[in-house]
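Below are the chains, spelled out letter by letter.
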Amino acid sequence: MQGFGIHASIWTMDWNRQNAEHAITAAAAHGLAFIEIPLVDMTAINAAHSRTLLEAHGVRGVCSLVLPQAAWASVNPEAAAEHLCHALDLAAAMGCEALSGVTFGGTNERTGFPPTAAEYDNLARALDVAGRHARAKGLLLGIEPVNRYENHLLNTARQAVDLIERIGLDTLFVHLDTFHMAIEERGFANGILDARDHLKYMHMSESHRGTPGDGNVDWDAIFSALAAIGFAGGLAVESFAGMPARMAGDISLWRPVSEGPEAVLGRGLAFLRDKAAQYGLSFAASATPVGEEDLHVRRA
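Here is a short report on the structure shown in this document. Predicted model, so just to flag it, every value in this text is computed and none were measured. (Residues numbered from 1 in each chain as written. Predicted model: local features only at pLDDT ≥ 70, side-chain atom pairs only at ≥ 80, totals over all residues. Heavy atoms only, no water.)

1. Regarding the pairing of strand β4 (residues 98–102)
Burial analysis of β4 places five of its five residues in the buried class, the great majority of the element. Note: strand β3 (residues 60–66) against β4, four bridges, orientation parallel. Across the sheet, Ser64 pairs through a bridge with Ser100, a residue of β4. For the crossover that starts at β3, traverses helix α3 (residues 77–93) and ends in the parallel β4, the hand is right-handed. Bridge count between β4 and strand β5 (residues 140–143): two bridges; the pairing is parallel. Paired with Leu99 across the bridge in β5 is Leu141. With helix α4 (residues 117–137) bridging β4 and its parallel neighbour β5, the resulting β-α-β unit is right-handed. (Buried < 20%, exposed > 50% of the residue type's maximum accessible area, 1.4 Å probe, protein only. Helix = DSSP H or I, 4+ residues; strand = E, 2+ residues; numbered from the N terminus. Pairing = 2+ DSSP bridges. Right-handed = clockwise from strand over helix to strand, strands pointing away.)

Here you go:
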């Protein structure tokens, strides 16, 4: 997980054979180092097919998920551990490097009260089992704190670090998302500095979840902090420009957030690459898109 990648949600949340072929081919054409594969319906995924595609196009893979309600770790740690272990098995079969996301719960999980010690005990129990399974599979397991309106358990980088250090497994890492950070952190740089020893992955998401550079996220603060800690992990562009209407309620997406995927992949990705180069990140000179004339991609 190094360099720029993209969450497949810009094209699809349904990872079947046809959509996998389209997304991986497009990611490679845009010079992206990796693609983040959503594990929404694991029964629909052909692991061998995805692995072949990734290898053929020279694109690395990362998987992500949100736990279904029946497997929220705070109330059912055994089910959470089982779900995560199954997802790790699938990620390994696809040749992916990590599983990340809201691996501790759901994005509509709120009790109406502050987190309890018992809830955190359950999170630690589930993630300890999953983290050990990740080690056995040669994978890493990420924890992505999300904002207070989606989950009451882990909202900040510091909370994710505290949980990881409580569990004590080197297979666990912090995964930050700039959209959630804009709501919860006391400045983007502070969140990155809090996570620095465990930070391996970032979702580069604009304040409106559309095209990076078109919103209110302080990208200079983010890239200067990443440079300061010598970040050498993965930066995944996450935009909901292509999110299906049936999932609007899951992420409160009530209107179009950009002109479409090509605006994100053209102007937005170019903006982020320029910022990485400006702040001297080590992977800033990584692959750039090929065949842009054919793809009609507009670069800033």
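Having seen the model, we can carry on.
2. Notes on the pattern of salt bridges
What the rule picks out here adds up to 12 salt bridges. Notably, a salt bridge pairs Arg148 with Glu184, separated by 2.9 Å at the nearest N-O pair. Taken together, the positions of Arg148 in the loop between β5 and α5 (157–167) and Glu184 in helix α6 (residues 178–184) put the pair 36 residues apart, joining distant regions of the chain. Put simply, Asp162 and Arg158 hold a salt bridge, and the shortest N to O gap is 3.7 Å. (Salt bridge = Lys/Arg side-chain N within 4 Å of Asp/Glu carboxyl O.)

3. Side note on the environment of Arg158
With respect to the helices, strands and loops of the structure, Arg158 is situated in helix α5. Residue Arg158 is classed as partly exposed on the basis of its relative accessible area, which comes to 35%. Residues Arg158 and Ile192 lie 34 residues apart in sequence; the distance between their C-alpha atoms is 9.4 Å.

4. So, the environment of Ile167
Within the element layout of this structure, Ile167 appears in helix α5. By relative accessible area, Ile167 is classed as buried at 12%. Separated by 39 residues in sequence, Ile167 and Asp128 place their C-alpha atoms 6.1 Å apart. Excluding residues within four positions of it along the chain, Ile167 makes contact with Ala124, Leu127, Asp128 and Leu172. (Contact = heavy atoms within 4.5 Å.)

5. Structural notes on unusual backbone geometry
At Arg209, a position not held by glycine, the phi torsion is positive, near 65°. Here Arg209 is to be found in the loop between β7 (199–204) and α8 (219–228).

6. Let's talk about the nonpolar core
Counting 84 residues, the largest nonpolar core has Ile35, Leu39 and Met202 as its most contacted members. In this structure Met202 touches Leu176, Thr178, Met181, Ile192, Ile222, Leu226, Phe231, Gly234, Leu235 and Ala236, once residues within four positions along its chain are discounted. (Core = buried A, V, L, I, M, F, W, Y, C linked by side-chain atoms within 4.5 Å.)

7. A few points about helix α2 (residues 47–57)
Considered for burial, the residues of α2 that qualify are Ala47, His49, Ser50, Leu53 and Leu54. Summarising the axial view, the buried residues of α2 lie within an arc of 165°, below the 170-degree limit, and thus occupy one face. Opposite its buried face, α2 presents the exposed residues Ala48, Thr52, Glu55 and Ala56, each directed more than 90 degrees away. In this fold, the buried residues of α2 make contact with α1 (17–29), β2 (34–38), β3 and α3. In this structure Asn46 caps α2, since a side-chain oxygen of it lies 3.3 Å from the backbone nitrogen of Ala48. (Arc of directions from axis to C-beta. Polar contact = N/O pair within 3.5 Å; in protein donor to acceptor, adjacent residues only side chain to side chain.)

8. Concerning the sheet that holds β7
Hydrogen bonds along the backbone pair up the strands of a sheet, which may run parallel or antiparallel. Strands sit in the order β1-β2-β3-β4-β5-β6-β7-β8 around a closed barrel of eight strands; the barrel is parallel. On average, adjacent strands in this sheet sit at an angle of 30° to one another, irrespective of strand direction. Taken strand by strand, α3 contacts β3 and β4, and its axis lies near 160° from that of β3. (Axes fitted to C-alpha atoms, helices over the stretch in contact; angles between N-to-C directions.)

9. Observations regarding the side chain of His203
Tracing the sequence through the fold places His203 in strand β7. Within the structure, the side chain of His203 is placed 3.1 Å from the side chain of Asp177, a separation counted as a polar contact.

10. Some details on the packing of aromatic side chains
Taken as a whole and judged by the stated rule, the model has three aromatic pairs. When the ring of Phe34 is compared with that of Tyr201, the centres are 5.7 Å apart and the planes differ by 45°; the resulting orientation is tilted. Of this pair, Phe34 sits in strand β2 while Tyr201 sits in strand β7, placing them 167 residues apart in sequence. By the burial criterion, Phe34 is buried, and Tyr201 matches it. Between Trp219 and Phe223 the ring centres are 6.5 Å apart and the planes differ by 40°, which places this aromatic pair in the tilted class. Here Trp219 pairs with Phe223, and both are found in helix α8, just four residues apart, close to one helical turn. Here Trp219 falls in the buried class, since its relative accessible area comes to 3%. On the accessibility criterion, Phe223 (0% relative accessible area) is buried. By the ring-pair criterion, three or more aromatic residues cluster together here, those being Trp219, Phe223 and Phe271. Against the face of Phe179 rests Arg209, its NZ or CZ located 3.8 Å from the ring centre. (Phe/Tyr/Trp six-rings, centres within 6.5 Å; stacked < 30°, edge-to-face > 60°. Lys NZ or Arg CZ within 6 Å of the ring centre and 35° of its normal.)

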